[in-house]
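Take a look at the letters that make up each chain.
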Amino acid sequence: MSSSDIFIGETIGTAVLILLGGGVCAAVTLKRSKAQNAGWLAITFGWGFAVLTGAYLAGGVSGAHLNPAVTIALAIEGGTKWSDVPLYLGSQLLGAMIGAVLVWLTYYGQFRAHLTDPEITGAQSGEEAMVDQAAAPKAGPVLGVFSTGPEIRNAVQNLATEVIATVVLVLAILTQGLNNDGNGLGTLGAMVTALVVVGIGLSLGGPTGYAINPVRDLGPRIVHALLPLPNKGGSDWGYAWIPVVGPLIGGAIAGGLYNVAFA
């Protein structure tokens, strides 16, 4: 597998993953979207289909890691060279940022309608605005389209949730035996992985929104910070380390468990 294969496959695959995954979040969240308020089931299945599509596109090119946690686990397991890890991770982050920009372009009108609606922005003046600003959460009104956030802000619990969910995901991938030769996921494997992602979202996604992928959260969060969105609010950088560190720890644990229990 050449460096160009890794770069092209991981960039395109991750971009499609984030385009479809972030797209379903935008569809459910934003005003003037036909899918507004479609709910958690729509989001979980949307992300599952996003994984399926991204993995199918990139599987024959780069192995369709699409996730630094998977890359780290495969390096520990031995299916990926450690020398290739930086290229995988850089390509995945670039793809995630491209995907987030494409979500913004696709829903440009909906973002404008949403972020200029007084009911959404809570437009106020005078003393009330000063009180609200002091008590306002760090997350902005559309940050959830781009990145994850906890329902209860507890760093230990939030980190543990991301670690546990990522261990489940990565073990499910490794135990399929589809990446042992570096050839990536087959069609059936991509479908199984997509269903695992849906299951994780339904069962373990409630506390944090189940990032289970560092670039899925970090890349779009960077784009959120850079995009010229009016009234978008903050990017919640104080929380941003958890959906990065948690999945990386989970991927490393899964790779070690695989070598001990399944290799």
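Our structure is the block above this text.
Computed from a predicted structure; not experimentally measured. (Residues numbered from 1 in each chain as written. Predicted model: local features only at pLDDT ≥ 70, side-chain atom pairs only at ≥ 80, totals over all residues. Heavy atoms only, no water.)

Visitor: Please give an account of the overall build of the chain that cites residues and values.
Guide: Per the secondary structure count, the chain includes twelve helices and zero strands. Helices (α) and strands (β) of the chain occur, in sequence order from the N terminus, as α-α-α-α-α-α-α-α-α-α-α-α. Looking at the chain as a whole, 49% of its 263 residues are labelled buried. Taking all contacts inside the chain whose residues are at least 6 apart in sequence as the whole, residues at least 24 apart take part in 80%. When the accessible surface of the chain is split by element, carbon and sulfur atoms take 65% of a total near 11700 Å². (Helix = DSSP H or I, 4+ residues; strand = E, 2+ residues; numbered from the N terminus. Buried < 20%, exposed > 50% of the residue type's maximum accessible area, 1.4 Å probe, protein only. Contact = heavy atoms within 4.5 Å. Areas by Shrake-Rupley, 256 points an atom, 1.4 Å probe, with all protein chains shown as cover.)

Visitor: I'd like a description of unusual backbone geometry, backed by residues and values.
Guide: Only a minority of non-glycine residues have a phi that is not negative, and only a minority of peptide bonds are not trans. Residues other than glycine seldom take positive phi values, yet alanine 64 does so here, at roughly 55°. Along the polypeptide, alanine 64 turns up in the loop between α2 (40-62) and α3 (68-77). Located in the positive-phi region is tyrosine 210, a residue other than glycine, with phi close to 45°. With respect to the helices and strands, tyrosine 210 occurs in the loop between α10 (187-204) and α11 (214-226).

Visitor: Pulling in residues and values, what's your account of the packing of helix α9 (residues 155-174) against helix α12 (residues 242-261)?
Guide: Relative to each other, α9 and α12 sit at 40°, their axes nearing to 7 Å. As summarised for this structure, α9 and α12 are arranged oblique, according to the angle between their axes. For the element pair α9 and α12, the recorded crossing hand is right-handed. Here α9 contributes Ala155, Asn158, Leu159, Glu162, Val163, Thr166, Val167, Val170, Leu171 and Leu174 to the contact with α12, which in turn contributes Ile242, Val245, Gly246, Pro247, Ile249, Gly250, Gly251, Ile253, Ala254, Gly255, Leu257 and Tyr258. Taken together, the residues of the contact of α9 with α12 break down into 15 nonpolar, six polar and one charged. (Axes fitted to C-alpha atoms, helices over the stretch in contact; angles between N-to-C directions. Parallel < 35°, antiparallel > 145°, perpendicular 65-115°, else oblique. Left-handed = near helix turned anticlockwise from the far one by under 90°. Nonpolar A, V, L, I, M, F, W, Y, C, P; charged D, E, K, R; others polar.)

Visitor: Give me the lowdown on the side chain of threonine 14, citing residues and values where you can.
Guide: Along the chain, threonine 14 turns up in helix α1 (residues 3-29). Within the structure, threonine 14 has its side chain in polar contact with the backbone oxygen of glutamate 10 (distance 2.6 Å). In contact with threonine 14, not counting residues within four places along its chain, are Leu66, Gln92, Gly95, Ala96 and Val215. (Polar contact = N/O pair within 3.5 Å; in protein donor to acceptor, adjacent residues only side chain to side chain.)

Visitor: Can you lay out α9 for me, pointing to particular residues and giving the numbers?
Guide: The terminal C-alpha atoms of α9, which comprises 20 residues, lie 28 Å apart, in line with the 28 Å expected from a rise of 1.5 Å per residue. Looking at where α9 begins, the residue whose side-chain oxygen comes 3.2 Å from the main-chain nitrogen of valine 156 is asparagine 154. (Expected span 1.5 Å × (residues − 1).)

Visitor: Can you explain the pattern of salt bridges? Please cite residues and give values.
Guide: Applying the stated rule across the entire model yields three salt bridges. As a salt-bridge pair, arginine 153 and aspartate 236 come within 2.9 Å of each other at their nearest N and O atoms. One end of the pair, arginine 153, is in the loop between α8 (143-146) and α9; the other, aspartate 236, is in the loop between α11 and α12, and 83 residues separate them in sequence. A salt bridge links arginine 221 to aspartate 217; the shortest N-O distance between them is 2.7 Å. With arginine 221 and aspartate 217 both in helix α11 and four residues apart, this pair spans about one turn of that helix. Accessibility classification places arginine 221 together with aspartate 217 in one group, the buried group. (Salt bridge = Lys/Arg side-chain N within 4 Å of Asp/Glu carboxyl O.)

Visitor: Describe the packing of aromatic side chains, with residues and values.
Guide: Scanning all chains against the criterion turns up five aromatic pairs. For the pair phenylalanine 111 and phenylalanine 146, a centre-to-centre distance of 5.7 Å together with 25° between the ring planes defines the contact as stacked. Note that phenylalanine 111 is positioned in helix α5 (residues 108-115) and phenylalanine 146 in helix α8, a separation of 35 residues in sequence. Measuring from centroid to centroid gives 6.1 Å for tyrosine 258 and phenylalanine 262, while their planes differ by 25°, and the two rings are stacked. With relative accessibility at 49%, the residue phenylalanine 262 sits in the partly exposed group. (Phe/Tyr/Trp six-rings, centres within 6.5 Å; stacked < 30°, edge-to-face > 60°.)

Visitor: A description of a nonpolar patch on the surface should follow, citing residues and the corresponding values.
Guide: On the surface, a cluster of nonpolar side chains totalling about 860 Å² of accessible area is made up of Phe7, Ile8, Ile12, Tyr56, Leu57, Val61, Leu94, Ile98, Leu102 and Leu105. Looking at the nonpolar patch, the elements with two or more residues in it are α1, α2 and α4 (85-106). The biggest single contributor to the nonpolar patch is α4, with four residues. If you trace the backbone, leucine 94 turns up in helix α4. (Patch = residues over 30% accessible without salt bridge, like charges linked within 9 Å, V, L, I, M, F, W, Y side chains within 5 Å.)

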